[in-house]
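# Structural description and commentary
Listed below, chain by chain, are the residues.
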There are 2 protein chains.
Amino acid sequence: MKAVRTITELRAQIEDLKSSLNKTTVGLVPTMGYLHQGHASLIRAAKEKSDIVVVSIFVNPIQFGPGEDFETYPRDEERDLAAAEGAGADLVFLPSVETMYPKAAKTRIAVSDVTSGLCGASRPGHFDGVTTVVSKLFHIVQPNYAFFGMKDAQQVAVIEQMVFDLNFNVEIVPCPIIREEDGLALSSRNVYLNPEERSQALVLSQSLRKTQAALEKREIRTAGEARDLLVSSIRQSSLAVIDYVEVVAFPELSLLEDEAGVLENGEPVLMALAVKFGKTRLIDNCLLYPKGE
Amino acid sequence: MKAVRTITELRAQIEDLKSSLNKTTVGLVPTMGYLHQGHASLIRAAKEKSDIVVVSIFVNPIQFGPGEDFETYPRDEERDLAAAEGAGADLVFLPSVETMYPKAAKTRIAVSDVTSGLCGASRPGHFDGVTTVVSKLFHIVQPNYAFFGMKDAQQVAVIEQMVFDLNFNVEIVPCPIIREEDGLALSSRNVYLNPEERSQALVLSQSLRKTQAALEKREIRTAGEARDLLVSSIRQSSLAVIDYVEVVAFPELSLLEDEAGVLENGEPVLMALAVKFGKTRLIDNCLLYPKGE
């Protein structure tokens, strides 16, 4: 595995690997580093599907809003390189902010509609920053496949929309959420939690599981009932401050009316949460498929 | 030469040409059709620089504003195919609107700053439509080079900015304005002009030449004097209705103050005009380089 920091060197290394190994397909795993087992599962999925695996590690300033945690976002390059190599990466791309944004950028990619709710409503401009940097990485790496975790389900929907609308020649591969044994979804931001917050944060995955079970057992049926059960479950935690609790169609992310029956129109439904514990904002979700899928 | 109408077929044909001819570089000439000698010069430039030449012909609805001439924009597919073949195209891509926009698109690429003046001010949203469709064509064709005429100098500046900001792996090749013998810059929209308008439209190229000469002979020196001379020259035509007359730095397109000396800070300067004759809006420009370049 090689670690490279410039665009020119990355392109040259990819070309080298392609020609020297006679390998053709490239898989990209875009990350912000501080890699955990969720990232490792993306890298392994990339290894399985592609000849050459590129992992990018870049804490992208333009997807953070004012007052968010860009400065304090956890970073550990040495550990990340070991984790990427262990999971099967061939190349790790670690650009500086100056490499990615050598001048104040004048170009933005904006996706409407799917960005208006959920994290898009709480974090204005966030998804423009995501789509802009992801398109840059796609142009730099020119991957055949790109791997994204379903923990950021809205991010997957937004990127799929961009790829479709702009005819990017890349297949987006969404990968399942990886959880701790007790159910907490893996996130680089989990390190921010103190022990009490860490313990109470379990309410996220528990509320999703409980609501999914209630829907499956037909104890509840509508989007409104699902939202109510999620909210009341989360409120069991004294530290939880709800940012949003939503039940939406996937991948359109259009709001389901309170009286709408969940899964009754044959489309997948996403239950998505963002909740703060102290200063730490965590997200989690559960994607429900119509029976038989 | 082959004409193709779908994205899948175009990608397959490019792959075929690449592998069967062992040719590697691809040049793209994006056009809106109704090809004239300006387009032919772009295709010939592409032929010279690239192994495979792709010409796209697509009247892109999202770069036309309400009340503009999308519906009436001149079209002549049969003549265009002959012209493209004559100039050396290998593939002509003629997508339908449904092929390019199968659903209402939610993704837009917006470039700020360089789009705010000149045609960007007169045609709000125009350049978002241009950058969005050009990025789609770049993703579909994946060219090494793309060729654009300098008649749309602002378009060249906007696309270069997008390519730089988003790390597109394509080299933009600007090509000189092609003119009729009497000086009128070639444009598909020239067919709209009646004989009297056609005759008076000469004032555009004449005013640019006259102002360039006056600057070179030091009869005038500042941006304000250049603007005044351009405006007074254009006003010799009774039919000319000025949309804008500007003197700007290139490629930043920042306005030069009236008292600024043209070319005195070592940067290229663009004199750019948009003028209506009847219902027909024409543009023309002249790029001045510092001495010695």
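Criteria and cut-off values
Residues numbered from 1 in each chain as written. Chains lettered and ligands numbered in written order. Predicted model: local features only at pLDDT ≥ 70, side-chain atom pairs only at ≥ 80, totals over all residues. Heavy atoms only, no water. Helix = DSSP H or I, 4+ residues; strand = E, 2+ residues; numbered from the N terminus. Rg over C-alpha atoms; globule rule 2.2 N^0.38 Å. Buried < 20%, exposed > 50% of the residue type's maximum accessible area, 1.4 Å probe, protein only. Contact = heavy atoms within 4.5 Å. Areas by Shrake-Rupley, 256 points an atom, 1.4 Å probe, with all protein chains shown as cover. Lys, Arg positive; Asp, Glu negative; His and termini not counted. Charge placed at Lys NZ, Arg CZ, Asp CG, Glu CD. Salt bridge = Lys/Arg side-chain N within 4 Å of Asp/Glu carboxyl O. Buried area = accessible area lost by both parts, 1.4 Å probe. Polar contact = N/O pair within 3.5 Å; in protein donor to acceptor, adjacent residues only side chain to side chain. Nonpolar A, V, L, I, M, F, W, Y, C, P; charged D, E, K, R; others polar. Least-squares fit on C-alpha atoms with pLDDT ≥ 70 in both. Phe/Tyr/Trp six-rings, centres within 6.5 Å; stacked < 30°, edge-to-face > 60°. Lys NZ or Arg CZ within 6 Å of the ring centre and 35° of its normal. Core = buried A, V, L, I, M, F, W, Y, C linked by side-chain atoms within 4.5 Å. UniProt positions renumbered as here; feature names shortened; annotations may be inferred.

## Details of the overall build of chain A
- Summing up its helical and strand segments, chain A has 10 helices and 10 strands in all.
- Taken over the C-alpha trace, chain A has a radius of gyration of 19 Å; the compact-globule value for 293 residues is 19 Å, and the two agree within 12%.
- Expressed as lengths along the three principal axes of its C-alpha atoms, the size of chain A is roughly 60 × 40 × 40 Å.
- Each of the 293 residues in chain A was classed as buried or not, and the buried ones make up 56%.
- In chain A, of all internal contacts separated by at least 6 residues, the share reaching a separation of at least 24 is 72%.
- For chain A, the accessible surface area stands at approximately 13000 Å², while carbon and sulfur atoms represent 49% of it.
- Charged side chains of chain A number 30 positive and 40 negative; the gap between the two group centres comes to 3 Å.

## A word on the pattern of salt bridges
- Tallied over the entire structure, the rule returns 26 salt bridges over all chains.
- Note that A:Glu171 and A:Lys49 form a salt bridge whose closest N and O atoms lie 3.7 Å from each other. Within this pair, whereas A:Glu171 is found in strand S7 (residues 171–175), its partner A:Lys49 is found in helix H2 (residues 37–49), the two being separated by 122 residues in sequence.
- For A:Glu171, a relative accessible area of 38% gives the class partly exposed.
- Judged by relative accessible area, which is 37%, A:Lys49 ranks as partly exposed.
- The partner of B:Arg123 in a salt bridge is B:Glu68, and the shortest N-O contact between them spans 2.6 Å. Placement of the pair is B:Arg123 in the loop between helix H5 (118–122) and helix H6 (126–141) and B:Glu68 in the loop between strand S3 (52–57) and helix H3 (77–87), with a sequence separation of 55 residues.

## As for the interface of chain B and chain A
- Contacts between chain B and chain A engage 27 residues on the former and 27 residues on the latter.
- Across the chain B/chain A interface, buried area totals approximately 2500 Å², and carbon plus sulfur atoms make up 50% of it.
- For B:Lys106, the salt bridge is made with A:Asp113, and the minimal N-O distance between the two is 3.3 Å.
- On inspection of chain B and its partner chain A, the count reaches 21 residue pairs in polar contact (both at pLDDT 80 or more).
- Contributing elements (two or more residues each) for the side of chain B that touches chain A: helix H1 (7–20), strand S5 (107–111), H6 and helix H7 (153–166) of chain B.
- Residue composition of the side of chain B that touches chain A, by class: 11 nonpolar, nine polar and seven charged.

## Notes on the relation of the copies chain B and chain A
- You can overlay chain B on chain A at an RMSD of 0.0 Å; the transform is a turn of 180 degrees with a shift of 0.0 Å along its axis. The two molecules are tied by a two-fold rotation axis, judged by turn and shift. Ranked by how close their C-alpha atoms come to the rotation axis, the residues of chain B are headed by B:Ile109, at 2.2 Å.
- The share of interface residues of chain B whose copies in chain A are also at the interface is 100%, consistent with both copies meeting through the same surface.

## Brief notes about unusual backbone geometry
All names here are of chain A.
- The amide bond that connects phenylalanine 250 to the next residue, proline 251, takes the cis arrangement and shows omega of 5 degrees.
- Not every positive phi belongs to a glycine, and leucine 253 is a case in point at roughly 65 degrees.
- By secondary structure assignment, the location of leucine 253 is in the loop between strand S8 (240–249) and strand S9 (269–277).
- Among the residues examined, leucine 253 registers a relative accessible area of 11% and is labelled buried.
- Positive phi, normally seen in glycine, also occurs at leucine 263, with a value near 70 degrees.
- If you trace the backbone, leucine 263 turns up in the loop between S8 and S9.

## As for the packing of aromatic side chains
Residues and elements named next belong to chain A.
- Within this structure, the stated rule accounts for eight aromatic pairs over all chains.
- Seen from their ring centres, phenylalanine 64 and tyrosine 73 are 6.0 Å apart, and the 75 degrees between their planes marks the pair as edge-to-face.
- A relative accessible area of 7% means that tyrosine 73 is categorised as buried.
- A cation sits over an aromatic face here: arginine 75 above phenylalanine 70, 5.2 Å from the ring centre.

## Observations concerning the nonpolar core
- Within the largest apolar cluster, 102 residues are counted, with the highest numbers of intra-cluster contacts made by A:Phe138 and B:Phe138.
- Leaving out residues up to four positions away in the same chain, B:Phe138 has contacts with B:Leu28, B:Pro143, B:Ala146, B:Phe148, B:Met162, B:Val163, B:Phe168, B:Val170 and B:Ile172.
- Residues B:Val247, B:Leu256, B:Val269 and B:Cys286 belong to the second largest nonpolar core, which totals 30 residues.

## Quick look at the UniProt feature "binding site: beta-alanine" (unreviewed entry) in chain A
All names here are of chain A.
- Feature annotation in UniProt assigns "binding site: beta-alanine" (unreviewed entry) to the following positions: Gln63.
- You can see glutamine 63 is positioned in the loop between strand S3 (52–57) and helix H3 (77–87).
- In this view, glutamine 63 contacts Met32, Glu68, Arg123, His126, Gly129, Val130 and Val133; residues no more than four positions away in its chain are not counted.

## Comments concerning the UniProt feature "active site" (unreviewed entry) in chain A
Residue and element names in this part refer to chain A.
- When the UniProt feature table is mapped to this numbering, "active site" (unreviewed entry) covers His39.
- On the secondary structure map, histidine 39 appears in helix H2.
- Accessibility expressed as a relative area gives 12% for histidine 39, which makes it buried.
- Those residues within four positions of histidine 39 in sequence are excluded, and the remaining contacts are Thr31, Gly33, Tyr34 and Ser188.

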